[in-house]
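Understanding the architecture of this molecule
The residues making up each chain are set out below.
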Protein chains: 2
Amino acid sequence: MEPVPDTPRTPKAAQTRAAILATALRLFREDGYDRTTMRAVAKEAGVSLGSAYYYFASKEHLVQAFYDELLTEHQAAVEEVLARESGFAARLQGSLEAWLAVAAPHHAFAAQFFRNAADPASPLSPFSAESAPARDGSIALMRRLLDGSDAKVSRALQAQLPDLLWLLQMGVVLFWVYDASDDQRRTRTLVRGLVPLVDRLVRMSRLPVLRGVVDDVLALVASLRT
Amino acid sequence: MEPVPDTPRTPKAAQTRAAILATALRLFREDGYDRTTMRAVAKEAGVSLGSAYYYFASKEHLVQAFYDELLTEHQAAVEEVLARESGFAARLQGSLEAWLAVAAPHHAFAAQFFRNAADPASPLSPFSAESAPARDGSIALMRRLLDGSDAKVSRALQAQLPDLLWLLQMGVVLFWVYDASDDQRRTRTLVRGLVPLVDRLVRMSRLPVLRGVVDDVLALVASLRT
DNA sequence: CCAAGGTTTTGAACGTGTTCAAGAAAGGAT
DNA sequence: ATCCTTTCTTGAACACGTTCAAAACCTTGG
């Protein structure tokens, strides 16, 4: 049942695995996801078709590796933002724009394989069990973004806000994927408008008029988490 | 360039087309989308594989017909709700729950072909040009839901709210697709919690404290619509 | 050095969505 | 009636993702 070792047994195998992965990512970028065939990946990497499948259970698994790379790059970029900015809005904006900057070169490619990520049954789905580590990492980053900022929120909201901010980010990514404008201009417009809005809402969350609404939102989120 | 007529030229052809579609939908429901092959559809419908492709350009196009059916059924159900209820919250809740009721029998199937709808390049995408008629119809329904209700909102918000409500519905559908709980219990929890919240926010939208926020939201939406 | 057992590699084969050239059927127009 | 055009039908063929049994290649204990 496991002809696909996560960690190759020998250095040579690791090298082969890396070659396949590198070739795949290059071809994905050059020709797009759909037009890149597993046969082409194998041939260019100098291995047989069977070998490619020995190391990667499916074409999707090849993409997972790419996705992980992207996430790592984004997190590094966010670290810089967090070190530089202390305002909540500036940090949030920096984080979202960092994602756009990191992902921009791959927009066409991303849109092509997004269909796979959207499949609830796919391990690439942001809600899947396999994505849990990446998801938790991103949420943890959002928590640091919030906690290290000047935002003042109630204890209850502070606990849940990182999750909501992660959801916001997923929404932005969704918008980005569908964004066909030049250089994803519309997504940047969205971010520039969304951040001040969220900032304002967070600040207002402690106003008496809004306390009830905020409590209801938090209660709803909590009831869905079971 | 057009071997796929939208309207068959002869009654016999229309009958063949209908038979293929009916067979496909039945098999989709019985065996799931992925496990239903075009060869099986053709065989069960008593035609050749080529014929199936003469009437439907792709497997996805067969799904489009199913989707249209679902939408029609939903709109009929909403009509009843609008005739019965006058409160904004009751109408919104009725509309969302009508969707859940109509779609429930097809949840497993829907989740399987959702990946296709998520592809920005697919005609099945809710944002695609091909979906424009269906989308406009749904938004128009939301407008009637709002205008015929007891909700009092500013002129500016009234103009944009139907679009936002449609977006809300898309969000609920997204949640529903990912909802693996028995009978999609979690989605129903979401709807029951979301509706009062939206209702409250809409009512509060005219409060002086929130005027600024509402204006910003509307301005953002407007700036993205270009 | 050999044998045994694990690891890696291979390419043929399968099932699938889709295409296409060729032909059959069905109407006209003359 | 006879051709011509358009509409419909067919099944073979293609390209792709994926599987699998067999072989080749280690590594290690004796």
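Residues numbered from 1 in each chain as written. Chains lettered and ligands numbered in written order. Predicted model: local features only at pLDDT ≥ 70, side-chain atom pairs only at ≥ 80, totals over all residues. Heavy atoms only, no water.

Focus: the pattern of salt bridges
Counting across every chain of the model gives 20 salt bridges over all chains. Here the salt bridges do not stand alone but share partners, grouping A:Arg26, A:Glu30 and A:Glu44 into one network. (Salt bridge = Lys/Arg side-chain N within 4 Å of Asp/Glu carboxyl O.)

Notes on the environment of A:Leu96
By secondary structure assignment, the location of A:Leu96 is in helix H5 (residues 88–103). Among the residues examined, A:Leu96 registers a relative accessible area of 2% and is labelled buried. (Helix = DSSP H or I, 4+ residues; strand = E, 2+ residues; numbered from the N terminus. Buried < 20%, exposed > 50% of the residue type's maximum accessible area, 1.4 Å probe, protein only.)

With respect to the relation of the copies chain B and chain A
Mapping chain B onto chain A calls for a rotation angle of 180 degrees and an axial translation of 0.0 Å; the resulting RMSD is 0.1 Å. Taken together, the turn and the small shift mark the pair as related by a two-fold rotation axis. Minimal C-alpha separation from the rotation axis in chain B is found for B:Arg115, amounting to 2.4 Å. Comparing interface residues between copies, 100% of those in chain B also lie at the interface in chain A; the contact surface is shared. (Least-squares fit on C-alpha atoms with pLDDT ≥ 70 in both. Contact = heavy atoms within 4.5 Å.)

What about the confidence of the model for chain A?
Across chain A, the average pLDDT comes to 91, with 96% of residues at or above 70. Between the elements of chain A, mean pLDDT differs from a low of 82, seen in helix H6 (residues 107–118) of chain A, to a high of 98, seen in helix H2 (residues 38–45) of chain A. (pLDDT = per-residue confidence, 0-100.)

Some points on the packing of helix H8 (residues 155–178) of chain B against helix H10 (residues 208–224) of chain B
Residue and element names in this part refer to chain B. As a packed pair, H8 and H10 sit with axes 11 Å apart at the nearest point and diverge in direction by 60 degrees. Between H8 and H10, the interaxial angle falls into the category oblique. When you trace H8 past H10, the crossing you get is left-handed. Facing H8, whose interface residues are Ala156, Leu157, Gln160 and Leu164, H10 presents Val214, Leu218 and Val221. Residues belonging to the contact of H8 with H10 are distributed by class as follows: six nonpolar, one polar and no charged. (Axes fitted to C-alpha atoms, helices over the stretch in contact; angles between N-to-C directions. Parallel < 35°, antiparallel > 145°, perpendicular 65-115°, else oblique. Left-handed = near helix turned anticlockwise from the far one by under 90°. Nonpolar A, V, L, I, M, F, W, Y, C, P; charged D, E, K, R; others polar.)

Observations regarding the domain arrangement of chain A
Residue and element names in this part refer to chain A. For chain A, the assigned domains are domain 1 (1–57) and domain 2 (60–224). Taken over C-alpha atoms, the centre of domain 1 sits 31 Å from the centre of domain 2. The partner domain 2 presents twelve residues to the eleven residues of domain 1 that form the contact. Counting across the interface, domain 1 meets domain 2 through three residue pairs in polar contact (both at pLDDT 80 or more). Broken down by element, the side of domain 1 that touches domain 2 gets its largest block of residues, five residues, from helix H1 (residues 11–31). Here the residues of the side of domain 1 that touches domain 2 are counted per class, giving eight nonpolar, one polar and two charged. (Domains from an automatic or database assignment. Polar contact = N/O pair within 3.5 Å; in protein donor to acceptor, adjacent residues only side chain to side chain.)

Concerning the protein's contact with DNA strand C
Taken together, 20 residues lie near DNA strand C, and A:Gly50, A:Tyr55, B:Arg39, B:Tyr53 and B:Lys59 sit nearest. When atoms of DNA strand C within 4 Å of the protein are split into backbone and base, the sugar-phosphate part holds 57%. Between a phosphate oxygen of DNA strand C and a main-chain N or O atom of B:Thr36, the distance comes to 3.4 Å. At a separation of 2.8 Å, a base nitrogen of DNA strand C approaches a polar side-chain atom of B:Arg39. At the level of elements, H1 and helix H3 (49–55) of chain A together with helix H2 (38–45) and helix H3 (49–55) of chain B are the ones that each hand at least two residues to the surface near DNA strand C. (Near = heavy atom within 4 Å.)

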